[in-house]
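# Residue-level structure breakdown
The lines below spell out each chain.
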Amino acid sequence: MSDWDSLLKQTRQVLGGLPDRRTGDNCQYSMEDIGLGAFSVFFTQSASFLSHQKTLEQTKGLSNAQSLFQIQQIPSDNHIRQTLDPVPPEQMFALYDEVFERLRKKEVLESYRTVHQTLPIALDGTWYHSSQKVHCENCSCMEHKSGEKTYYHSAITPVIVAPGHAQAISLRPEFITPQDGHTKQDCEIAAAKRWLEKNALLYSGLKSTLLGDDLYAHQPFCRQTLLYDFHFIYVCKPDSHKTLYDWVNLLAVGKDLHLLKMRLKNGAKWEHYTYRYANQVPLAEGEDALKVNWCELTITSAKGDILYRNAFITDFKITDQTVEAIVATARARWKIENENNNVLKTKGYHLEHNFGHGKKHLASFLAALNILAFLYHTFLSFTDEHYRLIRSVLPTRKTFFDDLRALTRYMLFASWDALMDFMMAGLEIGPYAKKA
């Protein structure tokens, strides 16, 4: 059994165990088919996938929904939404854990290890729904000065990232609900604390380092990070950390404040890297202030123009030998935006699109399925040689999904391997590459 087939089997089992609130004669479709029906839409990045497969079934007697996703009966969109609305998104977390464990066993995660052989996990909050009209009991609400209200859903979307790796590996999200308050800061930090509490046993045992923006670099959350046996590297801005920067500015250069300069080539151009760092500086006022280690990187052009500047705090001791790796790991945090949130929102997954809002959990459940579909494609990029080859040859992610949508709309494939084989033949790659 291929990795994809065994993962799909596990997916079907988990979806089959979803709580079913239906009664009476309203149970024609199994929970497996309802869950897989929703998942297939996100996996193919085609909102019309199920309707196209119904047409294909009428003309050919079978559909790709059955052969590729093992859906026995194709439910309607409305029935999917109504049935999944009462289901909390946490019901899907076992599948996130399944992919994580498979990648761990294949030692994929080992290639992501950076500072002191730790696994970097980037935390960030993102919106996945906003509207001034559509809302539910689990929406957060932002009231504007004009009196208008914006209802929104948001979540913490942790991912494993590392310098030199294009892929970001999604982990269990943490959905933000109104109980957390109404400001972004309160909501995101409260959700991040819950994520720590719920997932520490799962991830900290692997020696993990949390990455985050300036929002996370405050004393209570740093203490919480250490309490759950995580390391941390967080952005630290002067405006929000006056005590720390007052202290740094008083340090003697060469004795307590260290300087490291490097000249590196970026393409055809030379750039100058200047690192400043100090160990054991107080993060806040007071005798009980947490002592952290601080570093800053400034990149300038040959002409002296500043190209980049940012600073970070960490619990790792900083030396001339470690500062470069610490900062490189910290800078990998941008991948949570570019390779995760941005892809989910603008590269076909349409995370912010209203696929169905519902009255209870539907918006968050569909978001969890959407992120899961993205994770499955990441999994395939590591484990399926044919998938990886096709993706490397096609110019963009969009091209791959355009082809996937067109092929599955008009043609029937007996299996995922058959679809990959057809695409390789058309591209004349892999076993179909022309011999010179």
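The coordinates are above.
Residues numbered from 1 in each chain as written. Predicted model: local features only at pLDDT ≥ 70, side-chain atom pairs only at ≥ 80, totals over all residues. Heavy atoms only, no water.

## Comments concerning the overall build of the chain
Looking only at helices and strands, the chain features 15 helices and 13 strands. On C-alpha atoms alone, the chain measures out to a radius of gyration of 24 Å, which is about the 22 Å that the 2.2 N^0.38 rule sets for 436 residues. Projecting the C-alpha coordinates of the chain onto the three principal axes gives extents of approximately 80 × 65 × 40 Å. When the 436 residues of the chain are sorted by exposure, 52% land in the buried category. Counted over contacts in the chain with a minimum sequence separation of 6, partners at least 24 positions apart contribute 64%. Looking at the chain as shown, the accessible area adds up to about 20,200 Å², and 49% of this sits on carbon and sulfur atoms. Here the chain contributes 49 positively and 49 negatively charged side chains, and the mean placements of these two sets differ by 4 Å. (Helix = DSSP H or I, 4+ residues; strand = E, 2+ residues; numbered from the N terminus. Rg over C-alpha atoms; globule rule 2.2 N^0.38 Å. Buried < 20%, exposed > 50% of the residue type's maximum accessible area, 1.4 Å probe, protein only. Contact = heavy atoms within 4.5 Å. Areas by Shrake-Rupley, 256 points an atom, 1.4 Å probe, with all protein chains shown as cover. Lys, Arg positive; Asp, Glu negative; His and termini not counted. Charge placed at Lys NZ, Arg CZ, Asp CG, Glu CD.)

## Examining unusual backbone geometry
Phi at H116 takes a positive value of approximately 50°, unusual for a residue other than glycine. With respect to the element layout, H116 can be found in the loop between α6 (93-105) and β1 (119-122).

## With respect to the packing of helix α2 (residues 31-44) against helix α5 (residues 77-84)
At a closest axis distance of 10 Å, the pairing of α2 and α5 adopts a crossing angle of 110°. It follows that α2 is roughly perpendicular to α5 by the angle criterion. The segment α2 lies against α5, with M31, I34, G37 and A38 engaging H79, I80, T83 and L84. Residue composition of the contact of α2 with α5, grouped by class: five nonpolar, three polar and no charged. (Axes fitted to C-alpha atoms, helices over the stretch in contact; angles between N-to-C directions. Parallel < 35°, antiparallel > 145°, perpendicular 65-115°, else oblique. Nonpolar A, V, L, I, M, F, W, Y, C, P; charged D, E, K, R; others polar.)

## Thoughts on the layout of surface pockets
Empty space left among the atoms is revealed by rolling a probe the size of a water molecule over them. If you add up the space inside the largest pocket, you get close to 260 Å³. For the largest pocket, the lining is made up of twelve residues, of which Q167, T378, S381, R391 and R397 are closest to its centre. Those elements giving two or more residues to the lining of the largest pocket turn out to be α12 (362-383) and α13 (385-393). Here the lining of the largest pocket gets four residues from one element, more than from any other, and that element is α12. For the lining of the largest pocket, a count of residues per class yields four nonpolar, four polar and four charged. (1 Å grid on protein atoms, 1.4 Å probe; cavity = no way out; pocket = protein on both sides within 12 Å on 5 of 7 lines; lining within 4 Å. Points joined across faces, edges and corners; volume = space filled by probe spheres on them.)

## Quick notes on the pattern of salt bridges
One pass over the full model with this rule turns up 14 salt bridges. A salt bridge links R405 to D402, with the nearest nitrogen and oxygen atoms 2.5 Å apart. On the criterion of helical spacing, the pair formed by R405 and D402 is a turn pair, its members being three residues apart in helix α14 (residues 397-410). Assessed through its relative accessible area of 29%, D402 is described here as partly exposed. Shared partners join several salt bridges into a network, and the residues in it are E174, R194 and K198. (Salt bridge = Lys/Arg side-chain N within 4 Å of Asp/Glu carboxyl O.)

## So, the nonpolar core
Among the nonpolar cores identified, the biggest contains 107 residues, and L84, L244 and I313 are the most heavily contacted of them. Of the residues forming this core, the biggest block, 14 residues, is contributed by α12. With sequence-adjacent residues up to four places away left out, L244 is seen in contact with C236, V281, P282, L283, V292, W294 and I313. Within the second largest apolar cluster, 23 residues are counted, among which are Y275, I299, V327 and A332. (Core = buried A, V, L, I, M, F, W, Y, C linked by side-chain atoms within 4.5 Å.)

## Examining the packing of aromatic side chains
Taken as a whole and assessed by the stated rule, the structure comprises 24 aromatic pairs. Where F100 meets Y203, the ring centres are 5.1 Å apart and the plane angle is 75°; that geometry is what we call edge-to-face. With F100 in helix α6 and Y203 in helix α7 (residues 184-203), this residue pair connects regions lying 103 residues apart in the sequence. Through a chain of ring-to-ring contacts, the aromatic side chains of W4, F39, F43, F49, F69, Y376, Y387, F400, F401 and W416 assemble into a single cluster. One residue, R263, lies across the ring of W270, its end atom 4.0 Å from the ring centre. (Phe/Tyr/Trp six-rings, centres within 6.5 Å; stacked < 30°, edge-to-face > 60°. Lys NZ or Arg CZ within 6 Å of the ring centre and 35° of its normal.)

## Overview of the sheet that holds strand β11 (residues 269-282)
The mixed open sheet is built from nine strands, whose spatial order is β6-β5-β1-β8-β9-β13-β12-β11-β10. The open sheet terminates on both sides in strands that have one partner only, identified here as β6 (169-170) and β10 (258-266). Its contacts with the sheet place helix α9 (residues 242-250) against β11, β12 (291-301) and β13 (306-314), and it is angled at close to 105° to β11. (Pairing = 2+ DSSP bridges.)

## A short note on the pairing of β13
Successive side chains on a regular strand alternate, one facing one side of the sheet and the next facing the other. Both strand β9 (residues 231-235) and β13 contribute to a ladder of three bridges, which runs antiparallel. In the strand pairing of β13, Y234 is matched with I313. Here eight bridges tie β12 to β13, and the two strands are oriented antiparallel to one another. When the bridges of β13 are listed, T298 appears paired with R309. Joining the antiparallel neighbours β12 and β13 is a turn of four residues, in which G304 adopts a positive phi near 95°.

## Some points on the state of the cysteines
In total, this model carries zero disulfides according to the counting rule given. With no disulfide of its own, C222 lies closest to C236 among cysteine sulfurs, the gap being 8.7 Å. As a non-bridged cysteine, C295 has C236 as the owner of its nearest cysteine sulfur, 9.6 Å distant. (Disulfide = S-S within 2.5 Å.)

## Quick notes on a nonpolar patch on the surface
Taken together, the side chains of Y410, M411 and F422 present a nonpolar region at the surface, about 300 Å² in accessible area. Assignment of secondary structure puts F422 in helix α15 (residues 416-427). (Patch = residues over 30% accessible without salt bridge, like charges linked within 9 Å, V, L, I, M, F, W, Y side chains within 5 Å.)

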